[in-house]
Amino acid sequence: MPKLFKNRVFSIIFITLLLLATILLSSVPGSPLGFLSSPVTAVLRPVQTAVTSVVDWTGDLFRSISEGSAIQDENDKLAEENALLRSQIAQLEEAGRQYENLKAAFGLKDRFEEYEILGSRIMTREIGYWFDTFRIDVGFTDGILVSETESYAVVDAASHLVGRVLSQDLTSAKVLPLLHEGFAVSARTDKISSPIFRVRGDLDLKQQGLCLIDQIPSDTDLKVGDAVVTSGSGGLFPAGITIGTVVDVIDNDLQTGRQAYLQPAADLETLATVFVMKGIS
């Protein structure tokens, strides 16, 4: 039995090699064996076609995977470059803002020579449509010390009044904005010999982003569009800081007297940097 099995294996190998040799020789142009391999070729052609198709499909698949991987690598590289460019642009924008703030601080210093100008960033805002107070990153270590008789005006980069320092701790301070109902400042128009009146926050007007002008002397020529500045009276604020513009005048209120509404010049909703005006002793 083992000998018979070996003979069969040998026969199969021999026949297979013979067929392969016949097919190879028949593929040579002009070979007399061409007619012999034709039946075999006809039988094997579908198999050959299928194998060729599978090989071609597999090659296309690998090429697609390779090309897709290369495209993905290129996209990742471009994404990294874009992120780097965005970071550089953000740094340039921040440098530009710092330059503008520094330039504004120098402008404030030139205008108010008797005051030390402390630039600061807004750290937190209280909850509310118009925030009640906000905290800045200067405090007692920067020479800020609020008392019953001393406070500090807070302005934006364009020298518009924002509010005043309400309290301080070691490294930060709380600012009361001019829209707050607890804020008040002595003011006048920017006209020559303008009488003094009061600008204060009002609980009802706060939601509209407006301040109230009251205690207006009867001989005050006040009309819509007038610019209002600090008067300097009382010593808490230097004179001439822009507060805002008159947007409405009420002349017929017999109970409260003459009043007006003021639109603050400072954009309190988008502030990020402010300046504290500290008097030089």
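Since the model is a prediction, treat every value here as computed from it, not as a measurement.

A. Layout of the overall build of the protein. Secondary structure summary: the protein contains three helices and twelve strands in total. Across the protein, the fraction of contacts at a sequence separation of at least 24, relative to all contacts at a separation of at least 6, is 54%. Split by element, the accessible area of the protein, about 17,600 Å² in all, is 60% carbon and sulfur.

B. View of a nonpolar patch on the surface. On the surface, a nonpolar cluster with roughly 310 Å² of combined accessible area is contributed by Phe140, Leu145 and Leu170. Relative to the helices and strands, Leu170 resides in the loop between strand 4 (161-168) and strand 5 (173-177). You can call Leu170 exposed: its relative accessible area is 53%.

C. The side chain of Thr189, seen in detail. Along the chain, the position of Thr189 falls in strand 6 (residues 184-189). Residue classification places Thr189 among the buried residues on the basis of a relative accessible area of 1%. A polar atom in the side chain of Thr189 sits 2.9 Å from the side chain of Ser194. Sequence-distant contacts of Thr189, that is, excluding residues within four places in its chain, are made with Ser194, Phe197, Leu222, Asp226, Ala227, Val228 and Val229.

D. Region of the structure containing the sheet that holds strand 2 (residues 134-136). Reading around the barrel, the six strands line up as 1-2-5-4-3-12 and close back on themselves, with antiparallel pairing between neighbours. Adjacent strand axes in the sheet meet at a mean angle of 45°, parallel and antiparallel pairs treated alike. Here strand 1 (residues 115-125) runs beside strand 2; their pairing, made up of three bridges, is antiparallel. In the strand pairing of strand 2, Ile122 is matched with Ile136.

Conventions we followed
Residues numbered from 1 in each chain as written. Predicted model: local features only at pLDDT ≥ 70, side-chain atom pairs only at ≥ 80, totals over all residues. Heavy atoms only, no water. Helix = DSSP H or I, 4+ residues; strand = E, 2+ residues; numbered from the N terminus. Contact = heavy atoms within 4.5 Å. Areas by Shrake-Rupley, 256 points an atom, 1.4 Å probe, with all protein chains shown as cover. Patch = residues over 30% accessible without salt bridge, like charges linked within 9 Å, V, L, I, M, F, W, Y side chains within 5 Å. Salt bridge = Lys/Arg side-chain N within 4 Å of Asp/Glu carboxyl O. Buried < 20%, exposed > 50% of the residue type's maximum accessible area, 1.4 Å probe, protein only. Polar contact = N/O pair within 3.5 Å; in protein donor to acceptor, adjacent residues only side chain to side chain. Pairing = 2+ DSSP bridges. Axes fitted to C-alpha atoms, helices over the stretch in contact; angles between N-to-C directions.

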